[in-house]
Amino acid sequence: MEHYDHTKIEGKWQKKWAVDDVYQTVEDSAKPKCYVLDMFPYPSGEGLHVGHPKGYIATDVYSRHMRMQGHSVLHPMGWDAFGLPAENYALKNKIHPRVAVTKNIARFKEQLFNIGFDHDWSREVDTTDPAFYKWTQWIFLQLFKKGLAYQSKEPINWCPSCKTGLSNEDLEDTACERCGTQVEKKILPQWVLKITDYAGRMLEDLDALAWPEHIKELQRNWIGRSEGAEIEFALTAGDDKIKVFTTRPDTLFGATYVVLAPEHALLSTLRSSITNWADVAAYQHEAAQKTEIDRTNDTKEKTGVKLEGVSAINPATKQEIPVYVADYVLAGYGTGAIMAVPAHDERDFAFATKFGIAIKPVIGSADATMPYIDSGTLINSAPFDGLESEEAKTKITAFVGGKLTKTYRLKDWVFSRQRYWGEPIPIVHCSKCGAVAVPESQLPVLLPDVESYEPSGTGESPLATISEWVNTTCPTCGGPAKRETNTMPQWAGSSWYYLRFMDPKNDSALVSPEREKYWAPVDMYVGGAEHATRHLIYARFWHKFLFDIGVVSTTEPFAKLQSVGLIIAEDGRKMSKRFGNIINPDDIIEVYGADTLRVYEMFMGPFENAIAWNTNAMIGARRFIERVFRLSASVAQEDSAAVEPILHATIKKVGEDILAFKFNTAISQMMILLNAFEKEGVGKNQFSAFLQILAPFAPHLTEELWATVGHSGSIHTSTWPTFDPAKLVSDTQTVPVQINGKVRATLVLPTDISEADALQQARENPLVAKWLAEGTESRALYIAGKIINFVVDKI
RNA sequence: GCCGGAGUGGCGGAAUGGUAUACGCGCGCGACUCAAAAUCGCGUCUCGCAAGGGAUAAGGGUUCGAGUCCCUUCUCCGGCACCA
């Protein structure tokens, strides 16, 4: 028998599959469809390491299985090539991002090709292709027209190293997620997307999604809903009112002061009434200087300034209470103002204690330890005394004319980047007409070539230096105008790319309604959990918007989601060029073969677990592949009766496990089957069925042996074998016998034996009889096919 | 602090409430070989000569029977956090 030459076999089939178009997407309305998608990669300059393909292998196994099960399968691949990673790589290596991206894509593609994936490359998309980003810009215009894209001059997160503004999702605590630099606050004119309008729906619709519970939980935390009330406090000066958000309107009678965030707009409005304005202004200035870290670090020591000359009226008690400005109240949450109830809130308690403000208990008993933060029965709140908190919340809110409301932790999406390598924002600024949408007929607004694409750091994009591009005419009035020079964030293209795969060549719509109806939603989406509060938030937001304007027919983009666990390096650290611990799949494939790599990565452990790469352990996968190859030489014409039950059990289990993403147990079951084949023999039909269920994992080897055994056509377009439930059970089965829960013997019993006969046989077994004789049998039970248990009371 | 998830051999891990440690790696012994590699066979939680006993982070409970369900505690991982 020939030696197993993986290089020859794998190369041969990869070429043939490409030539024969084996994996071309077929839109057959007679078949159920299945859209299987990976989170597409950034084509970085470092190429793929063995960790990247893990998710792609899983979707490959899944999509191959679905194809063999008779589905129309869409399994595409593309490139998320705009954004900081690609641009930083280009800057570092002194080549234009366009050139770098082209080169990197070619490299990635070759690496993916070597692993033998079933991607349909005729549907490849690239977010930096003008034919693609035309539609990214189009979506922005629709958002703009609906008032969901607006300009803001609020301070935003600024990364001094990447020299660009960032969204909340781009942060890792208070540092830039890309480079780890602490972000600063910077006031820059920004385009912001009103994702908060969708917060409620995004939260509510999570419940029905077939996503891992922990991913949904991450999103729930990120969106962060609080239910409470907005209540207005009148002032002793002027007509303005302070609107506060509180989750505890039941404690309103205990509100002994009000706090405004330092950035609160009302402060400057009240300037003329505030007699200690200099102190207040100084405090505002001080707060503005603090970084996010400073501000959140002083969790204990509260600071603030009392507004002199202005007081508020508690709408419940009608008492005059002081107003403070303090930075423990955040401008960006709720209304930027709170009613402070020191008796029932830890922060308010600390502040009131420091500043000598009255503390009035209104829940529980007056002598309880303060602050008492739980719900309870109201006191000191006539006429609401004696009510429970829950009921009081509604009644007190109504009593003072407030309204019950919800507020979210989620912030609007800062959408401008002061960088070169992104989609130009299709807006023209006209001194007469303001911000004007570029007409859709003029899309795409092409990203111009530029001599220096280095970020300026001034808060202006590098595009601002190209005057011939910047200067244009206003689409509305025809007068002189300037183009918007900020670009979109990296997340823009990835927020809708999955739609483009359905209809990648369409030039008149981002996706045709027919194609969309056929393929949507994505049936299985696979990627890292780190995208839970980034890409997956943005994509859901855009999708819901596209649903609202009638572009898509589903309210959610991704019906099912599986998160892939990282492969970490053998040294236990993250695989990174920095640590020099990267393993390149090309090297593994050269020595061990693509099928070995695929089987190993699926066998390593549960798909969601982060597991260290271990080249030693990978030998097991290689041995498995070789044993299958060797076994093919001793396949008999006649089937082996002895392996029938285990063969059918394996067909059943592998099919179920693939659907459940339990690839490790699917492979172990196939190993058990292979062990049985080697021991008991295997017939041609049995071996063929085995090859078919192994085919999604080891497509090259199985394709080769499929032909060797005598089949024509590709195994990958063959029909998945069916299992015969009648063959799952053999005539006899091994049943353990327990005495008081301890196994004392095992019996081989006919499958259809009655309880009485089973117990009888057990009692006659000498090992069992010995134990039964030691006491009085008080109970006996036979769980069919599972176990026999005798309860014996000791004498 | 709040919210998730997880703790099983030397390692990755398996186990609809029903023989804990499948499958694989590693290790040991043997066969083949002049020898080695590869391959194949046997063994491999722990105490014990054995009969038996003990062990799924710790402790309790439910059950004929618990890794699995319930309660308490500990540890690790992830998220959120001056969010009113």
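Rules used throughout
Residues numbered from 1 in each chain as written. Chains lettered and ligands numbered in written order. Predicted model: local features only at pLDDT ≥ 70, side-chain atom pairs only at ≥ 80, totals over all residues. Heavy atoms only, no water. Core = buried A, V, L, I, M, F, W, Y, C linked by side-chain atoms within 4.5 Å. Buried < 20%, exposed > 50% of the residue type's maximum accessible area, 1.4 Å probe, protein only. Helix = DSSP H or I, 4+ residues; strand = E, 2+ residues; numbered from the N terminus. Contact = heavy atoms within 4.5 Å. Near = heavy atom within 4 Å. Polar contact = N/O pair within 3.5 Å; in protein donor to acceptor, adjacent residues only side chain to side chain. Pairing = 2+ DSSP bridges. Axes fitted to C-alpha atoms, helices over the stretch in contact; angles between N-to-C directions. Expected span 1.5 Å × (residues − 1).

Caption draft 1: Structural detail: the nonpolar core. Of all hydrophobic cores here, the largest spans 166 residues; its most connected members are W542, W613, V628, F690 and F697. The element that contributes the greatest number of residues to this core is helix α22 (residues 663-680), accounting for nine residues. Setting aside residues up to four positions removed in sequence, F697 forms contacts with V61, D595, R598, V599, M602, V654, I658, F663, A666, I667 and M670. One finds L252, L260, V325 and I357 within the second-largest nonpolar core, a separate group that totals 50 residues.

Caption draft 2: Here's a closer look at the protein's contact with RNA strand B. Around RNA strand B, a shell composed of 55 residues is seen, among which T247, R347, R409, M604 and K786 lie nearest. With respect to RNA strand B, the side chain of Y333 contributes an N or O atom lying 2.8 Å from a phosphate oxygen. Between RNA strand B and N789 there is a distance of 2.6 Å, counted from a base oxygen to a side-chain nitrogen or oxygen.

Caption draft 3: View of the sheet that holds strand β25 (residues 561-563). Across the sheet, which stays open at both edges, the four strands sit in the order β2-β1-β24-β25 with parallel pairing between neighbours. On the outer flanks of this sheet lie β2 (72-74) and β25, each paired with one strand and no other. With direction set aside, neighbouring strand axes in the sheet form an average angle of 15°. The strands that helix α2 (residues 53-68) touches are β1 (33-38), β2 and β24 (524-527); relative to β1, the one it contacts most, it runs at about 170°.

Caption draft 4: Geometry of α22. In this model α22 runs 25 Å from its N-terminal to its C-terminal C-alpha over 18 residues, within 8% of the 26 Å that 1.5 Å per residue would give. Three or more residues of α22 are buried, namely F663, N664, A666, I667, Q669, M670, M671, L673, L674, A676 and F677. Phi turns positive one or two residues past the end of α22, at G681, with a value near 95°.

Caption draft 5: Quick look at the side chain of R598. With respect to the helices and strands, the residue R598 is situated in helix α19 (residues 594-603). Among all residues touching R598, those that are not within four sequence positions of it are I57, D60, V61, R64, I115, G116, F117, P696, F697 and P699.

Caption draft 6: Structural view of unusual backbone geometry. Put simply, A382 and P383 share a cis peptide bond, and its omega is 10°. Relative to the elements of secondary structure, P383 occurs in the loop between α11 (346-355) and α12 (389-399). The peptide bond linking A520 to P521 adopts the cis configuration, its omega dihedral lying at -5°. Looking at the element boundaries, P521 is found in the loop between α16 (513-519) and β24.

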